[in-house]
Amino acid sequence: MPDNLTSGARVLGSVNAPPPLEHRQSGVGWSSFKPQASSRKQQALDKKGLKDYIGYMLKKELQKIVGGLSKPSKMPGPAYNIPAAACITGSKLVNVKGSVCEGCYALKGRYRFPNVKEALNRRLKALQHPGWVDAMIQLIKPHKEFRWHDSGDIQSLDHLKNIFKVCEGTPGTSHWIPTREAQILKQVKPEEVPKNLI
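The notes below deal with the structure included here. Within every chain, residues take consecutive numbers counted from 1 along the sequence as written. At least 70 in pLDDT is required for a residue's local features to be given in this predicted model, at least 80 for side-chain atom pairs to be given and counted, and no such filter applies to totals for whole chains, interfaces and linings, which use all residues. As a rule here, side-chain values cover all heavy atoms of the structure and leave hydrogens and water aside.

1. Notes on the overall build of the protein
To keep it simple, the criterion reads: Numbering goes from the N terminus for both helices and strands, where a helix is a DSSP run of H or I of at least four residues and a strand is a run of E of at least two. Between buried and exposed lies partly exposed: a residue is buried under 20% and exposed over 50% of the maximum accessible area for its type, with that area taken using a 1.4 Å probe on protein chains only. Residue contacts are defined here by distance: any two heavy atoms, one from each residue, within 4.5 Å place the two residues in contact. Method for areas: the Shrake-Rupley scheme with a 1.4 Å probe, in which residue coverage is limited to the protein chains shown.
Counting its regular elements, the protein contains nine helices and three strands. Counting all 198 residues of the protein, 43% fall into the buried class. The contacts of the protein with a sequence gap of at least 6 include a subset with a gap of at least 24, amounting to 68%. Carbon together with sulfur atoms contributes 54% to the accessible area of the protein, which is approximately 11300 Å² in total.

2. Brief notes about the sheet that holds strand 1 (residues 79-80)
Put simply, the rule is: Between any two strands, at least two bridges found by DSSP are needed for them to pair.
Ordered in space as 1-2-3, the three strands form an open sheet in which the pairing is parallel. Strands at the two margins of the open sheet, each flanked by one partner only, are strand 1 and strand 3 (174-176). Here strand 2 (residues 145-148) pairs with strand 3 via three bridges, running parallel. Paired with Phe146 across the bridge in strand 3 is His175.

3. Examining the nonpolar core
Rule in force here: For this analysis, a nonpolar core means a set of buried residues of the types Ala, Val, Leu, Ile, Met, Phe, Trp, Tyr and Cys, connected via side-chain atoms within 4.5 Å.
Core analysis: the biggest nonpolar cluster contains 31 residues, and Val66, Tyr80, Trp132, Met136, Phe146, Trp148 and Val166 have the highest contact counts within it. Those elements giving two or more residues to this core turn out to be helix 3 (50-54), helix 4 (59-66), helix 7 (132-140), strand 2 and helix 8 (157-169). Take this core: its biggest share by element is seven residues, from helix 7. Within the second largest apolar cluster, six residues are counted, among which are Ala84, Ala106, Val116 and Leu120.

4. Quick word on the side chain of Asp150
Filter applied, for reference: Neither His nor the chain ends is counted toward charge; the positive residues are Lys and Arg and the negative residues Asp and Glu. Put simply, a salt bridge is a Lys or Arg side-chain nitrogen that is within 4 Å of an Asp or Glu carboxyl oxygen. For this analysis, a polar contact is any N or O atom pair within 3.5 Å, provided that within protein one partner can donate a hydrogen and the other can accept it, and provided that sequence-adjacent residues contribute only side-chain to side-chain pairs.
Summarising the element assignment, Asp150 is placed in the loop between strand 2 and helix 8. Buried charge Asp150 goes without a salt bridge, the closest partner of opposite sign being Arg110 at 4.1 Å. Among the polar contacts listed, one links the side chain of Asp150 to the side chain of Ser70, at a separation of 3.4 Å. If near-sequence neighbours (up to four positions away) are discounted, Asp150 is found in contact with Ser70, Pro72, Ala79, Tyr80, Asn81, Tyr105, Ala106, Arg110 and Tyr111.

5. Focus: the environment of Thr173
By the element assignment, Thr173 lies in the loop between helix 8 and strand 3. Sequence separation between Thr173 and Ile140 is 33 residues; the distance between their C-alpha atoms is 7.6 Å. If we skip the residues at most four places from it in the chain, Thr173 touches Ile140, Lys141, His143, Lys144, Glu145, Phe146 and Asn196. From its side chain, Thr173 meets the backbone oxygen of His143 in a polar contact 2.6 Å long.

6. With respect to the packing of helix 7 against helix 8
Basically, it comes down to this: Only C-alpha atoms enter the line fits that serve as axes; for helices the fit covers just the stretch in contact. Angles between N-to-C directions range over 0 to 180 degrees. What makes a crossing left-handed is the near helix being turned counterclockwise from the far one by less than a right angle; a clockwise turn instead makes it right-handed. Note on residue classes: Ala, Val, Leu, Ile, Met, Phe, Trp, Tyr, Cys and Pro are nonpolar, Asp, Glu, Lys and Arg are charged, and everything else, Gly too, is polar.
Packing of helix 7 against helix 8 brings their axes to within 9 Å, and their N-to-C directions diverge by 40 degrees. Here helix 7 runs over helix 8; the crossing is right-handed. Between helix 7 and helix 8, the contacting residues are Trp132, Val133, Met136, Ile137 and Ile140 on the first element and Asn162, Ile163, Lys165, Val166 and Gly169 on the second. Residues belonging to the contact of helix 7 with helix 8 are distributed by class as follows: seven nonpolar, two polar and one charged.

7. Focus on the environment of Lys51
Counting through the fold element by element, Lys51 comes out in helix 3. In this structure, the C-alpha to C-alpha distance between Lys51 and Ala135, residues 84 residues apart in sequence, is 8.6 Å.

And the structure:
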């Protein structure tokens, strides 16, 4: 196996960096990596690395990497959500009377169902996957509209910059990202924000 894949994962700082190819049997997004395979996928992985491999993946394999997309009933397209309890600013504002986060809908109703909580946490963990950006691009490309965080919010500057990369990789999609993380937004210049992100 080429060193560029594992070293690339370390450079990204992933806490879930992929194990050596010969040891991959199962796990989030890695179940289809089989060392004995001689498919186009395996050849792309061997020659070029994870990014090119993702281009050959099935939709269900991409969904394993990102934790799946959500389908809010009031939105015209899919979304990506994570636990509202993980909001940096929102978790404080939820206790402030009269704030926009008071009585947060993403802490009530169906968001409290065990299967929904599991999906939200799975997506939060998936943010660390080294293939997250490229897998998100492949999943979002067919859609005209996409919403970020109908539950949850931006987790860090790195998270925001990865969202920018996804937006840049899907120029035919309009992205919407409501956020309360002003301190993170202050760390980027207006010209860095992709034109298809509002």
